Each structure stands twice: as structure tokens, then as C-alpha cells.
Amino acid sequence: MPTPKLALSGNTSADVLGSPAETVIVGTIQGSDGVELAPGAEPVDDALEGKLAALLTSLGATGKADEVIKLPTFGKLSSGVVLAAGLGKRDGELKPEQVRRAAGAAARALAGTKRAYSLLSTLDLQAAAEGAVLGAYVFTEYKSDAGRAPIGRVDLAVDDATAKERKTTLKAATAIAEAVCTARDLINTPPNDLYP
């Protein structure tokens, strides 16, 4: 089962605007007055002249959990697409599970994509990394047509890409998510092929 390669990346406007990724992932929140941008989406919103929330609203975005909306960058970013992943309602601080689910929904929606740049990691690095791997999971062992391949690579934006604790967090998140995927493989394998 192939899992996406995860890498830490810088979180400056230059990193976001010049990323070689095909897609930039931002978070959206279900607000009382409509969709709101999650913290970390500022560089993308600035590149789109402060119109990202208005564009998402015109496409019917609400920010509800597991919602995925894609829109073109109109040449304002090196990436061709912005993917807005819904985090749901905010009750104080955003919870890791909200970030994990949004990252998973984004990874599923980006099947067949070679590379994405995620700003969800600015909210919670571990949850964003776990969500990306778990969302990309597919079990195709017994299918003649495997469909689109899972996303190939996710660059996770962090404030300081060289910090040792961030690398440790990424390593732990990857190990946890890959262990869950292994358990899923065992569950999905029929008993005639998986002996006790």
C-alpha cells in the first residue's frame, strides 16, 4: 500500500507562492455568517487579493467538516489549484481531530495528484500529517482496476522547518498513521489469504 511522502516545508509567503506543488491546501471554518478562512491561509488570501473567502462563498463553500472545494489560482500562485478543506465549527481552539479529518478529506480529493502543499499543518502538524496518510489509504489488492493512485507527496508548512521537535513530531505521526494503515490492510484481507 503506497503512502504519500511527507516533508516539512517553510511557511513564508515566498514558500507558498513559489511552491512546486500542483495544489495548495487551506482550511475553512463554518462561521455564523458563512465560510471563514482558518489561520495559516493568509498568504494564499493575499495572493488572491483578499478575495479567497468571497470566491469560496460564490462556489457554495460553507466550511463544514469534510467539505472540499477546489478553485483555480488564476496564475497568482505557482500552484494551479487551491483546495479548501472544511474544518467544521470552531468551538474555541480548533481540535486536532478537525484538522486530521480535513487533511484526510483533502488527501482523498487529491488522488492522482503528484504533490500538494498543505497549510493545515500550521494548525496542528501531527494531525495534518496523520490525516494526509490516512486519507490517502486505499486497498486495491483484489481489484483489477486500482483507479487513481493516492497523492504522491504532501509538503507540510511549518514556521521553522529545521526544528528538531517538528521532525520528531512528523516521524511519530507518520509511524502512527502507517501502523493504522497496516491494521486496515489486515482487516481488509480475506481470511483465505490471511491465516492466523
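Parameters at a glance
- Residues numbered from 1 in each chain as written.
- Predicted model: local features only at pLDDT ≥ 70, side-chain atom pairs only at ≥ 80, totals over all residues.
- Heavy atoms only, no water.
- Buried < 20%, exposed > 50% of the residue type's maximum accessible area, 1.4 Å probe, protein only.
- Helix = DSSP H or I, 4+ residues; strand = E, 2+ residues; numbered from the N terminus.
- Pairing = 2+ DSSP bridges.
- Expected span 1.5 Å × (residues − 1).
- Contact = heavy atoms within 4.5 Å.
- Axes fitted to C-alpha atoms, helices over the stretch in contact; angles between N-to-C directions.
- Parallel < 35°, antiparallel > 145°, perpendicular 65-115°, else oblique.
- Left-handed = near helix turned anticlockwise from the far one by under 90°.
- Nonpolar A, V, L, I, M, F, W, Y, C, P; charged D, E, K, R; others polar.

**Points about the pairing of strand β5 (residues 81-86)**
In terms of burial, β5 is a largely internal element, five of the six residues being buried. Strand direction decides the pairing type here: strand β4 (residues 68-72) and β5, joined by five bridges, are antiparallel. Following the sheet pairing, Pro-72 is matched in β5 by Val-81.

**Quick look at helix α4 (residues 96-109)**
Compared with the 20 Å implied by 1.5 Å per residue over 14 residues, the 20 Å span of α4 between its first and last C-alpha is a close match. Among the residues making up α4, those that are buried are Gln-98, Val-99, Ala-102, Ala-103, Gly-104, Ala-105, Ala-106 and Ala-107. Of the surrounding elements, those touching the buried residues of α4 are β2 (23-31), β4, β5 and α5 (125-135).

**A word on the packing of α5 against helix α6 (residues 164-188)**
Interhelical geometry of α5 versus α6 gives an angle of 30 degrees and a closest axis separation of 8 Å. One way to sum up the angle between α5 and α6 is to call them roughly parallel. α5 and α6 meet at a crossing whose hand is right-handed. For the pair α5 and α6, contact is made by Leu-125, Gln-126, Ala-129, Glu-130, Val-133 and Leu-134 and by Arg-166, Thr-169, Leu-170, Ala-173, Ile-176, Ala-177, Glu-178, Val-180, Cys-181 and Arg-184, respectively. A breakdown of the residues in the contact of α5 with α6 according to their chemical character gives ten nonpolar, two polar and four charged.

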